[in-house]
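Close look at the chain arrangement
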Amino acid sequence: MGCHQNPSPAGHKRGLPGSEYASYDNCPTPLVRSSTARADATDAPERGGRRRHRQPVPAVVNNAETSSIAAPLNSVDLAPTGQHCPRNSLMFEHLDTAPPDAILGLNEAFRNDPNPDKINLSVGVYKDATGKTPVLDCVKAAERRLIEEEDTKGYLAIDGLPQFGQLTQQLLFGAEHELVTSGRTVSLQTPGGTGALRVAADFLRKKLPGATVWCSKPTWVNHPKIFEAADCQVETYDYIDAAGVGLDFEAMLSSLQQIRAGDVVLLHGCCHNPTGIDPTPEQWKKIGEVVRERSLLPLVDFAYQGFGESLDADVRGLHEICGQASEAIVCSSYSKNFGLYSERVGALSLIADEPAAAAAALSHAKVCVRTNYSNPPQHGAAIVATVLADPELRAQWEQELAVMRDRINSMRNRFVEGMRIASPDHDFSFIAAQRGMFSFSGLSPLQVDELRTKHSVYVVTAGGRINVAGITPENIDRLCAAIADVL
Ligand code: LMR
């Protein structure tokens, strides 16, 4: 292993002259540098009084594997691994700025845009007709109850609130489903669906080393990054057709059939992100058959339950996959369907062939959690559990969810109609058939760029992904005119 820094040209330039390792970036191992080296350096205040080493520090390295005198670890010492490796006294200043996140980076750019007419269709967040991301009434009611009844802020268990896990399984499969009643499914509360994916990635890397994670092409831009961050190998399977408007099911099936047995296939349970294009129930059945026949491990990312057709209809693919495979992983999220984005509420569910195997899998997933964020936060999960466990609040939630879903679908139709008028030569009718928050508009990176720079309209570059949930009656005409202008 190297020093966990990517080689960077800037870092190379700024390294120690004449040194074998021209910079920290090139260092083959982390190192322990003795405190003597720091004491020898000439410190002088620079950059507004901050003290820094004026000269590169000579390489005085304390190698803890060959020396019994280990230097005391302090703010600049790193763990011993056994090789001499000179470096400058400061590390952060050798770092190049990381590129902004492909989705959340746009949000930041949007915030900094002074145009009062700017439109943000980048990050997947629901907005109501007035452009606000509301707190659901059922959530407010649950919070009032929690404030009254909560009597401790003690740590939760590593796997979170037990009731939350059970209620999540019931929402995913139904209370009477064999996967729930048999004990073959175990669930952990996680910080959002992304947290569930990262715990799953760590779990797979440790317990299924060598397996490749296969993502649809295209997929949520963060999917490969999450698995690669856990050191998993990532590949893609075919998904969208050449025209970019529908599923190429033959190509998808054929690429799934070529995946090595034992590998992991990541499927979007409903409301595919970024395309909004889902398989039909018959297609899900065939996908399930291939997953079973090829002995693939399905990982279902299920972040939009209730945003497609309904809570019940949206689980069809999930049931097909988990019904056919003897083992499965489900990463679900309450960010969207409860509007609990900032509370970070999600779940990781592991499905095994028998309850003892599920319990063993849970124990290993808990190790991943403990060594990552220790245990999850309480508030958001307590809200979800309160709502799902109370028939009245649950009914209210289902109603509020239906309002969000219907508004998105009506905006889809208005958008198609708006584009028909603004740009009659271009057919956007395929967008009406897509489901969930997103649409893959097919706008090129250049067009996306022009939309942003000329019209302050923010959409995700890859595929021109549009968050339909951000379109409002107030911004739709401007949006259609801006898109027509860049086509
Ligand atoms: C999205 O795709 O925009 C959402 O899932 C939010 C995110 O974290 O990227």
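Criteria and thresholds
- Residues numbered from 1 in each chain as written.
- Predicted model: local features only at pLDDT ≥ 70, side-chain atom pairs only at ≥ 80, totals over all residues.
- Helix = DSSP H or I, 4+ residues; strand = E, 2+ residues; numbered from the N terminus.
- Buried ≥ 20, exposed ≤ 12 C-beta atoms within 10 Å, placed from the backbone.
- Contact = placed C-beta atoms within 7 Å.
- Near = placed C-beta within 6 Å.
- Nonpolar A, V, L, I, M, F, W, Y, C, P; charged D, E, K, R; others polar.
- Pairing = 2+ DSSP bridges.
- Axes fitted to C-alpha atoms, helices over the stretch in contact; angles between N-to-C directions.
- Parallel < 35°, antiparallel > 145°, perpendicular 65-115°, else oblique.
- Left-handed = near helix turned anticlockwise from the far one by under 90°.
- Core = buried A, V, L, I, M, F, W, Y, C linked by C-beta atoms within 7 Å.
- Domains from an automatic or database assignment.
- Expected span 1.5 Å × (residues − 1).
- Arc of directions from axis to C-beta.
- Right-handed = clockwise from strand over helix to strand, strands pointing away.

**Regarding the overall build of the protein chain**
A tally of helices and strands in the protein chain yields 17 helices and 13 strands. Classification of the 487 residues of the protein chain by burial places 42% in the buried group. In the protein chain, the share of contacts with a sequence separation of at least 24, taken over all contacts with a separation of at least 6, comes to 71%.

**Re the site of the ligand**
Around the ligand lies a shell formed by Ile 103, Val 123, Gly 124, Trp 220, Asn 222 and Asn 273. Across the shell around the ligand, the residue classes break down as three nonpolar, three polar and no charged.

**Description of the sheet that holds strand 4 (residues 185-190)**
Taking strand neighbours across the sheet as the criterion, the seven strands line up as 4-10-9-8-7-5-6 in an open arrangement whose pairing is mixed. The open sheet has two edge strands, strand 4 and strand 6 (233-238), and neither has a second partner. Looking at each pair of strands side by side, their axes are set apart by 25 degrees on average, direction ignored. Note: strand 5 (residues 212-217) against strand 7 (residues 264-268), two bridges, orientation parallel. Counterpart to Trp 214 in the pairing with strand 7 is Val 265. Strand contacts of helix 5 (residues 162-173): strand 4, strand 9 (328-333) and strand 10 (346-351), with the helix running at about 115 degrees to strand 4, the strand carrying the most contacts. Strand contacts of helix 12 (residues 355-370): strand 4 and strand 10, with the helix running at about 15 degrees to strand 4, the strand carrying the most contacts.

**Focus: unusual backbone geometry**
Of note, the bond from Lys 217 into Pro 218 is cis; its omega dihedral lies within 30 degrees of zero at 10 degrees. Structurally, Pro 218 can be placed in the loop between strand 5 and helix 8 (222-229). Look at the link from Asn 273 to Pro 274: it is a cis peptide, with omega at 25 degrees. We note that Asp 231 has phi near 75 degrees; this positive angle belongs to a residue other than glycine.

**Focus on the packing of helix 9 (residues 249-257) against helix 10 (residues 281-293)**
A pair of packed helices can be characterised by two numbers: the angle between their axes and the separation between those axes. Running from amino to carboxyl end, helix 9 crosses helix 10 at an angle of 15 degrees, the nearest separation of the two axes being 10 Å. Here helix 10 runs roughly parallel to helix 9, going by the angle between their axes. Handedness of the crossing formed by helix 9 with helix 10: right-handed. Residues Phe 249, Leu 253, Leu 256 and Gln 257 of helix 9 form the contact with helix 10, whose participating residues are Gln 283, Lys 286, Ile 287 and Val 290.

**Considering the environment of His 426**
For His 426, the position within the fold is in the loop between helix 14 (391-422) and helix 15 (430-433). Considered as a pair, His 426 and Ala 484 are 58 residues apart in the sequence and their alpha carbons are 8.8 Å apart. The contacts of His 426, once residues within four sequence positions are left out, are Met 419 and Leu 487.

**As for the nonpolar core**
The biggest cluster of nonpolar side chains holds 110 residues, and the ones touching the most others in it are Ala 200 and Val 384. A per-element tally of this core places helix 14 first, with eight residues. Residues from two domains meet in this core; each of domain 2 (104-134 + 394-486) and domain 3 (155-389) gives at least three. Excluding residues within four positions of it along the chain, Val 384 makes contact with Phe 164, Tyr 334, Phe 338 and Val 345.

**A short note on helix 10**
In this model helix 10 runs 18 Å from its N-terminal to its C-terminal C-alpha over 13 residues, within 8% of the 18 Å that 1.5 Å per residue would give. Of the positions making up helix 10, those classed as buried are Trp 284, Ile 287, Gly 288 and Val 291. The buried residues of helix 10 occupy an angular sector of 105 degrees when projected down its axis, which confines them to one face. Summarising the geometry of helix 10, the exposed residues directed more than 90 degrees from the buried face are Glu 282 and Glu 293. Contacts from the buried residues of helix 10 go to helix 9, strand 7, strand 8 (297-302) and helix 11 (316-324). One or two residues past the end of helix 10 sits Ser 295, with phi positive at roughly 55 degrees.

**Focus on the pairing of strand 8**
Here strand 8 lies mainly inside the structure; six of its six residues are buried. Burial along strand 8 is two-sided: the face carrying Leu 297, Leu 299 and Asp 301 and the face carrying Pro 298, Val 300 and Phe 302 are both buried. Relative to strand 8, strand 7 is paired through five bridges, and the arrangement is parallel. Of the residues in strand 8, the one forming a bridge with Leu 267 is Val 300. Running through helix 10, the crossover from strand 7 to the neighbouring parallel element strand 8 is right-handed. With four bridges joining them, strand 8 and strand 9 adopt parallel strand pairing. Within strand 9, the residue paired with Val 300 across the bridge is Val 330.

**Things to note about helix 12**
Taking 1.5 Å as the rise per residue, helix 12 with 16 residues should run 22 Å; its terminal C-alpha atoms sit 22 Å apart, in good agreement. Along helix 12, the residues classified as buried are Ala 358, Leu 362, Ala 365, Cys 368 and Val 369. Down the axis, helix 12 shows its buried residues gathered within 110 degrees of arc, on one side only. Within helix 12, the exposed residues directed more than 90 degrees away from the buried face are Ala 356, Ser 363 and Arg 370. Of the surrounding elements, those touching the buried residues of helix 12 are strand 4, helix 7 (192-207) and strand 10.

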